[in-house]
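In case you want the letters, here they are:
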Amino acid sequence: MASVTPDSQARFGQSVKGLLTEKVNTCGTDVIALTKQVLKGSRSSELLGQAARNMVLQEDAILHSEDSLRKMAIITTHLQYQQEAIQKNVEQSSDLQDQLKHLLK
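Conventions we followed
- Residues numbered from 1 in each chain as written.
- Predicted model: local features only at pLDDT ≥ 70, side-chain atom pairs only at ≥ 80, totals over all residues.
- Heavy atoms only, no water.
- UniProt positions renumbered as here; feature names shortened; annotations may be inferred.
- Helix = DSSP H or I, 4+ residues; strand = E, 2+ residues; numbered from the N terminus.
- Rg over C-alpha atoms; globule rule 2.2 N^0.38 Å.
- Buried < 20%, exposed > 50% of the residue type's maximum accessible area, 1.4 Å probe, protein only.
- Areas by Shrake-Rupley, 256 points an atom, 1.4 Å probe, with all protein chains shown as cover.
- Lys, Arg positive; Asp, Glu negative; His and termini not counted.
- Charge placed at Lys NZ, Arg CZ, Asp CG, Glu CD.
- Expected span 1.5 Å × (residues − 1).
- Bend = angle between axes of the 7 residues up to and from the residue.
- Salt bridge = Lys/Arg side-chain N within 4 Å of Asp/Glu carboxyl O.

The name recorded for the protein in an unreviewed UniProt entry is BLOC-1-related complex subunit 7, from Chinchilla lanigera. UniProt lists a comment for the protein under the heading Sequence similarities (unreviewed entry), and it reads "Belongs to the BORCS7 family." According to its UniProt record, the protein has this under Subcellular location (unreviewed entry): "Lysosome membrane".

The helix and strand inventory of the protein stands at one helix and zero strands. A globule of 105 residues ought to have a C-alpha radius of gyration of about 13 Å, yet the protein, at 40 Å, is considerably larger. With respect to the three principal axes, the spread of C-alpha positions in the protein is 120 × 50 × 15 Å. Burial statistics for the protein: of 105 residues in total, 0% are counted as buried. A total accessible area of about 10,100 Å² is found for the protein, and carbon and sulfur atoms account for 63% of it. When the 12 basic and 12 acidic side-chain charges of the protein are each reduced to a single mean position, those positions are 9 Å apart.

As a further point, take helix α1 (residues 6–104). In a regular helix each residue adds 1.5 Å, so 99 residues correspond to 147 Å; α1 covers only 123 Å between its end C-alpha atoms and thus falls short of that length. Taking the largest bend as the criterion, α1 deviates by roughly 30 degrees, centred on Arg 43.

Let us now look at the pattern of salt bridges. Per the stated rule, a full pass over the model turns up three salt bridges. For Asp 67, the salt bridge identified is with Arg 70, shortest N-O distance 3.8 Å. Here Asp 67 pairs with Arg 70, and both are found in helix α1, just three residues apart, close to one helical turn. The partly exposed category is assigned to Asp 67, whose relative accessible area is 30%. When the shortest N-O distance is used, the salt bridge between Asp 67 and Lys 71 registers 3.4 Å. Taken as a pair, Asp 67 and Lys 71 lie in helix α1 at a separation of four residues, close to a single helical turn.

Structural data, given as structure tokens:
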């Protein structure tokens, strides 16, 4: 077995003291952080109330946007129908032009 010298015991004691001091400092820092968090928590209900009021104000804008999107979807559908009709007419006019050229020959 290895013998323990007074010098190694002193180093071990200093090491333990250093670790203990570090842990105490860490705990102190954690207590400060917790205190700050508790203070923020007391304001959180006030902030939640304000956020709720802001959300109510935004609800009308959201409903209006929803209505606008529905209307735009309807307009898009109508424009697609018109595009299809125009495309069909262009194809028919090409056919008519071909027939007219054939008749005029």
